[in-house]
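# Descriptive analysis of the structure
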Amino acid sequence: MSDYYFSGKWLGHYVYGDSYPEGIKNTSTAFIINMSVVDGNLKGVCEDIFDTQLPNDSSTVTGFIEDNFTSFIKEYSCLLQFDEHKKRRAFKEFPSQKIHYTGVFENGKFTGEWSMDMTFEDYDGDIITIMHTGTWEMEKCS
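Residues numbered from 1 in each chain as written. Predicted model: local features only at pLDDT ≥ 70, side-chain atom pairs only at ≥ 80, totals over all residues. Heavy atoms only, no water.

### Focus: the side chain of Ser71
By the element assignment, Ser71 lies in strand β5 (residues 69-76). Overall, Ser71 belongs to the buried group, its relative accessible area being 11%. In terms of polar contacts, Ser71 uses its side chain to reach the side chain of His100, at 2.8 Å. Beyond its immediate stretch of four places on either side in the chain, Ser71 contacts Thr62, Gly63, Phe64, His100, Tyr101 and Thr102. (Helix = DSSP H or I, 4+ residues; strand = E, 2+ residues; numbered from the N terminus. Buried < 20%, exposed > 50% of the residue type's maximum accessible area, 1.4 Å probe, protein only. Polar contact = N/O pair within 3.5 Å; in protein donor to acceptor, adjacent residues only side chain to side chain. Contact = heavy atoms within 4.5 Å.)

Right, dumping it as C-alpha cells:
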C-alpha cells in the first residue's frame, strides 16, 4: 500500500481493557482520524465520538506506517480521565497522557493494541504507575 492510500479519513473504535473497572472495561469509543502519510510518516487529528460533550475532545496523532505495520502516539489537549462515577472528565490544568497505538493492516483494516501509563503521586507521597491497555481497529472511509 502507498502513502496516498493511507492518507485520508479513517473510522474506528477502541476498547478499554481489563485494567479498567466494571462498567468501563470492554466498552468501546468510536473515533474518526484524518491523517496524512508522507514517506511513511503519519500525522493527523483524531476526534473521539464520546457519549458526553467534553471540551477539546480532539487529539493529535503522530507516528509512522512501514509496510503493513503502524505505530503512533495520540495526545489530547489536556488530561482526560474517568472520575469516581465512571464519567469522562477533562482536567485542563494537566497535560494529556501519551497513548501508544500499534497495529497491522490486513484485509482492508488496521487492528492492534493501545497502551497508556498513568503515573501519579498518592496522598502519602508514593509514586503510583498504572498501565492501561486495550484494543483498537479502523477502516478507511469511502
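Following the structure, the description resumes.
### Digging into the pattern of salt bridges
Where charged atoms from two side chains of opposite charge come close, those side chains can pair. Taken as a whole, this structure holds four salt bridges when the rule is applied. Across the pair Glu75 and Lys98 runs a salt bridge, and its minimum N-O distance is 3.6 Å. Note that Glu75 is positioned in strand β5 and Lys98 in the loop between β7 (88-91) and β8 (99-106), a separation of 23 residues in sequence. (Salt bridge = Lys/Arg side-chain N within 4 Å of Asp/Glu carboxyl O.)

### Quick notes on the packing of aromatic side chains
A full pass over the atoms with the stated rule returns 22 aromatic pairs. Between Tyr5 and Phe105, the aromatic rings sit 5.9 Å apart at their centres with planes inclined by 65 degrees, giving edge-to-face as the arrangement. Placement of Tyr5 in helix α1 (residues 3-6) and of Phe105 in strand β8 is noted, with a sequence separation of 100 residues between them. The partly exposed category is assigned to Tyr5, whose relative accessible area is 28%. Put simply, the rings of Tyr5, Phe6, Trp10, Phe72, Tyr101, Phe105, Phe110 and Trp136 pair up and form one aromatic cluster. The ring centre of Phe31 lies 5.6 Å from the NZ or CZ of Lys74, which sits over that ring. (Phe/Tyr/Trp six-rings, centres within 6.5 Å; stacked < 30°, edge-to-face > 60°. Lys NZ or Arg CZ within 6 Å of the ring centre and 35° of its normal.)

### Quick look at unusual backbone geometry
In this model, Asp67 sits at a positive phi of 55 degrees, which is unusual for a non-glycine residue. Following the sequence through the fold, Asp67 ends up in the loop between β4 (58-66) and β5. Although it is not a glycine, Asn107 adopts a positive phi angle of roughly 55 degrees. Within the element layout of this structure, Asn107 appears in the loop between β8 and β9 (109-121). Overall, Asn107 belongs to the exposed group, its relative accessible area being 82%.

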